[in-house]
Amino acid sequence: MSQVVTITAENFRSTVVDSATPVLVDFWAEWCGPCKKLAPEIEKVAEEMGDSVVVGKVDMDAERTLGAMFQILSIPTVIIFNKGEKVFELNGVNTAETYMAKLESLI
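Residues numbered from 1 in each chain as written. Predicted model: local features only at pLDDT ≥ 70, side-chain atom pairs only at ≥ 80, totals over all residues. Heavy atoms only, no water.

Per an unreviewed UniProt entry, the protein is named Thioredoxin, and its organism is Corynebacterium durum F0235. Reading the Function (unreviewed entry) entry of the UniProt record for the protein gives the comment "Participates in various redox reactions through the reversible oxidation of its active center dithiol to a disulfide and catalyzes dithiol-disulfide exchange reactions." Here the protein is described in UniProt, under the heading Sequence similarities (unreviewed entry), as follows: "Belongs to the thioredoxin family." (UniProt positions renumbered as here; feature names shortened; annotations may be inferred.)

*Asks:* Can you walk me through the overall build of the protein in this structure?
*Replies:* When helices and strands are counted, the protein shows four helices and five strands. The order of helices and strands in the protein, counted from the N terminus, is β-α-β-α-β-α-β-β-α. Taken over the C-alpha trace, the protein has a radius of gyration of 12 Å; the compact-globule value for 107 residues is 13 Å, and the two agree within 12%. Judged by the C-alpha coordinates and their principal axes, the protein covers about 30 × 25 × 25 Å. Residues classed as buried in the protein amount to 43% of the 107 residues present. Carbon and sulfur atoms make up 53% of the accessible area of the protein, which amounts to about 5,700 Å² in all. (Helix = DSSP H or I, 4+ residues; strand = E, 2+ residues; numbered from the N terminus. Rg over C-alpha atoms; globule rule 2.2 N^0.38 Å. Buried < 20%, exposed > 50% of the residue type's maximum accessible area, 1.4 Å probe, protein only. Areas by Shrake-Rupley, 256 points an atom, 1.4 Å probe, with all protein chains shown as cover.)

*Asks:* How should I be thinking about unusual backbone geometry in this particular structure?
*Replies:* Note: most residues except glycine have negative phi, and most peptide bonds are trans. The omega torsion of the bond from Ile 75 to Pro 76 falls at 0°, within 30 degrees of zero and hence cis. Note that Pro 76 resides in the loop between helix H3 (64-69) and strand S4 (77-82). In this model, Gln 71 sits at a positive phi of 50°, which is unusual for a non-glycine residue. Positive phi is not limited to glycine here, since Lys 83 has a value of about 55°. Looking at the secondary structure, you find Lys 83 in the loop between S4 and strand S5 (85-91). You can call Lys 83 exposed: its relative accessible area is 69%.

*Asks:* It is not clear to me how helix H2 (residues 33-49) should be interpreted in this structure. Could you clarify?
*Replies:* Because an α-helix packs 3.6 residues into every turn, residues spaced three or four apart end up facing the same way. The end-to-end C-alpha separation of H2 is 25 Å, in line with the 24 Å expected for 17 residues at 1.5 Å each. At Ala 39, H2 is deflected by roughly 30°, the largest bend along its length, and proline Pro 40 occurs up to four residues later in sequence. Residues of H2 that are buried: Cys 35, Leu 38, Ile 42, Val 45, Ala 46 and Met 49. Lining the buried residues of H2 we find strand S2 (23-28), strand S3 (54-59), S4 and helix H4 (96-104). Of the residues flanking the end of H2, it is Gly 50, one or two places downstream, whose phi is positive at about 55°. (Expected span 1.5 Å × (residues − 1). Bend = angle between axes of the 7 residues up to and from the residue. Contact = heavy atoms within 4.5 Å.)

This is the structure in structure tokens:
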């Protein structure tokens, strides 16, 4: 069972802004090849970091307002939030270890 949550405009505040733990958000789309390559890395972060962080995905086709809010110009883009503030932005495909190192620096 995946620990990755689907983030929408409706749950963005409760899931990301009001989170007591750091939040990793993967902005992706179904048609995006690199996004599909990144998906197992995002799952690995969720599995290995457990409840110490929130890991979520925003479908750019379904949630265009969130993409516009964060000026996402290319996907995949991963943004890491801490206490509701954007602290890291990584573009393209990175390893789970890269994301986990960023998250661990916030815990």
